[in-house]
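An overview of the molecular structure
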Amino acid sequence: MSKHERWSALLELLAAEGRLEVEEAAGTLEVSAATIRRDLDELAEQQMLVRTRGGAIAHGVSYELPLRYKSSRHASEKQRIAAAVAELVADGDVVGLNGGTTTTEVARALALRAGGGGGGGGGGGRRDSGAGFAAGPVLTVVTNALNIAGELAVRPQIKIVVTGGVARPQTYELVGPLTTGVLHEVVLDVVILGVDGVDPDLGIMAHQEDEASVSRLFAERAHRVIVVTDSSKMGKRAFARICGLDRIDVVVTDSAISGEAAGRLRDAGIKVITV
C-alpha cells in the first residue's frame with residue numbers, strides 16, 4: 001500500500017469514527033505502528049488532523065476532508081445520482097454547479113451526455129435543430145469550482161463560465177465578493193447543489209459559511225434548484241444554512257434514504273428521485 005493510499009484510508013477512518021488509535025489503525029491497514037505514527041505526524045503537519053497521545057482526532061464538529069480524499073466515499077451512489085441528474089437538464093440550458101464530489105460527478109455526466117448529443121429530460125431543449133456542435137455549445141455551465149472548470153474547459157460542447165473569487169484548498173471552490181459579483185450578473189435555468197446536510201426544519205446546509213453564501217446566491221439566480229446528495233446527509237445539520245426546503249424543486253439521492261425522510265421532503269413540495 002502506497003503512502004497516498006494509506007493517507008486516504010486513514011482519513012476515511014477518521015471521518016467515519018472521529019478519532020484514530022495507532023495500534024488499531026495499524027491492524028486495519030496491515031502495516032507497522034511506526035508507519036502509522038509517521039503518517040499521522042505528516043498529516044498533522046498539513047493540518048488535516050490533530051495528533052493525540054496514541055493516535056489522532058478530527059478537527060472538531062466542522063471537520064471536513066479535502067475533496068481529493070473524499071472522492072471515493074459513496075462513489076457508486078454519486079455516479080448513479082449524477083447520471084439521473086444529467087437526464088433532468090435540457091440542451092441549451094444554463095446550468096449552475098457549486099463544488100463538491102457529487103457535483104463533480106454531475107459535471108462528468110453532463111459532459112458525457114452533451115458529447116453524445118443526448119436530449120435530456122429537463123423539458124424543452126433549446127438547441128438549434130440540425131446544427132450539430134458547429135452551432136455552438138450544447139450546455140453552458142457556470143461554476144465556482146476550479147476542478148469542475150478544469151474538467152469541462154476542454155469540452156467544446158460545453159461553454160464554461162467560472163466565477164472569480166478566493167480559492168478554498170479543501171474543496172477547490174471560489175468564494176468571496178468576486179464570486180458573488182459574477183453570480184449577480186447571470187441568470188440560470190437550473191442550479192445543481194451539493195450540500196453537507198439536509199434538515200427537514202432548517203433546509204440545506206454547508207460546513208463553511210462562505211461556501212453557503214455562494215450556494216444561496218446560486219439558488220436565488222436559478223429557475224429550478226436541484227439538490228444532489230447521498231442519503232448519509234439526510235437528517236444531518238452543518239454549520240451554515242444555504243436555504244429552506246421551500247426553495248428546492250428536486251432532490252436526487254440514493255435508495256438508502258429512509259421512507260420518513262423522503263416523505264418529509266415530499267410533504268414540503270419537493271420531487272424526490274432515488275437511484
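Residues numbered from 1 in each chain as written. Predicted model: local features only at pLDDT ≥ 70, side-chain atom pairs only at ≥ 80, totals over all residues. Heavy atoms only, no water.

**Points about the overall build of the protein chain**
Counted only if it meets this: Counting from the N terminus, the helices are the DSSP runs of H or I reaching at least four residues and the strands are the DSSP runs of E reaching at least two. Relative accessibility thresholds used throughout: buried, under 20% of the residue-type maximum; exposed, over 50%; partly exposed, between the two (1.4 Å probe, protein chains only). In this description, contact between two residues means that some pair of their heavy atoms is separated by no more than 4.5 Å. Throughout, the Shrake-Rupley method with a 1.4 Å probe supplies accessible areas, and for residues the shown protein chains are the sole cover considered.
Each helix and strand in the protein chain was counted, giving ten helices and 15 strands. Counting every position in the protein chain, which comprises 275 residues, the buried fraction comes to 49%. Once local pairs closer than 6 in sequence are excluded, the contacts in the protein chain between residues at least 24 apart make up 67%. When the accessible surface of the protein chain is split by element, carbon and sulfur atoms take 51% of a total near 12,400 Å².

**Concerning the side chain of T101**
Using the following cut-off: Identification of polar contacts relies on pairs of N or O atoms within 3.5 Å, with a donor-acceptor requirement for protein atoms, meaning one able to donate a hydrogen and the other able to accept it, and with residues adjacent in sequence counted only if both atoms are side-chain atoms.
Along the chain, the position of T101 falls in helix α6 (residues 101-115). Within the local environment of T101, its side chain forms a polar contact with the side chain of K78, the two groups lying 2.7 Å apart.

**Concerning the nonpolar core**
Where we set the bar: Residues grouped as a nonpolar core are buried Ala, Val, Leu, Ile, Met, Phe, Trp, Tyr and Cys residues, joined through side-chain atoms within 4.5 Å.
Formed by 31 residues in total, the largest nonpolar core has its most connected members in I204, F218, I248 and L265. Broken down by element, the residue count for this core peaks at five residues, all from helix α9 (residues 209-220). With residues near it in sequence (within four places) discarded, I248 still touches I204, V225, V227 and I270. Counting residues in each nonpolar core, the second largest holds 29 residues, with A86, A114, V250 and V252 among its members.

**Here's the deal with the side chain of S215**
Tracing the chain through its elements places S215 in helix α9. With sequence-adjacent residues up to four places away left out, S215 is seen in contact with N98, L193 and I242.

**A look at the pairing of strand β14 (residues 250-253)**
For clarity, the cut-off: Strands pair, by our definition, only if DSSP identifies at least two bridges between them.
Of the two faces of β14, the one carrying V250 and V252 and the one carrying V251 and T253 are both buried. Sheet analysis places strand β12 (residues 222-228) next to β14, joined by three bridges and oriented parallel. Residue V228 lies in a different strand from β14, and its bridge partner there is V252. Bridge analysis of β14 against strand β15 (residues 271-274) gives four bridges, and the strand direction is parallel. Note on β15: the bridge partner recorded for V250 is K271.

**A few points about unusual backbone geometry**
You will see that E30, though not glycine, has its phi angle at about 60°, which is positive. Mapped onto the elements, E30 comes out in the loop between α2 (22-29) and α3 (33-45). Even without being glycine, Y172 reaches a positive phi, approximately 65°. Relative to the helices and strands, Y172 is located in the loop between β7 (166-168) and β8 (173-175). By relative accessible area, which is 26% here, Y172 ends up partly exposed.

**Some thoughts on the pattern of salt bridges**
As a reminder, the rule being used: Basic side-chain nitrogens of Lys or Arg form a salt bridge, by our definition, when they fall within 4 Å of a carboxyl oxygen of Asp or Glu.
In total, this model carries eleven salt bridges according to the counting rule given. Its salt-bridge partner being E42, residue K3 comes within 3.0 Å of it at the nearest N-O pair. A residue pair is termed long-range when its members are at least 10 positions apart, and K3 in helix α1 (residues 3-17) and E42 in helix α3 qualify at 39 residues. In this structure, the salt-bridge partner of E105 is R108, at a minimum N-O distance of 3.0 Å. Of this pair, E105 and R108 both sit in helix α6, three residues apart, roughly one helical turn.

**A word on the environment of L112**
With respect to the element layout, L112 can be found in helix α6. On the basis of relative accessibility, which here comes to 62%, the residue L112 falls in the exposed class. Separated by 29 residues in sequence, L112 and A83 have C-alpha atoms that sit 9.5 Å apart.

**Quick word on the sheet that holds strand β11 (residues 203-206)**
Strands in a sheet are paired, the pairing made by backbone hydrogen bonds, and the direction either parallel or antiparallel. Heads up, the rule is: Axis lines are fitted through C-alpha atoms, for helices just across the contact stretch, and the angle between N-to-C directions can take any value from 0 to 180 degrees.
Within the open sheet, the three strands sit side by side as β10-β11-β13. Their pairing is antiparallel. Across the chains shown, the open sheet's two edge strands, defined by having one partner strand only, are β10 (197-199) and β13 (240-243). When strand polarity is set aside, the average angle formed by the axes of neighbouring strands in this sheet is 35°. Two strands pair when backbone bridges link them, and β10 and β11 are joined in this way by three bridges, in the antiparallel orientation.

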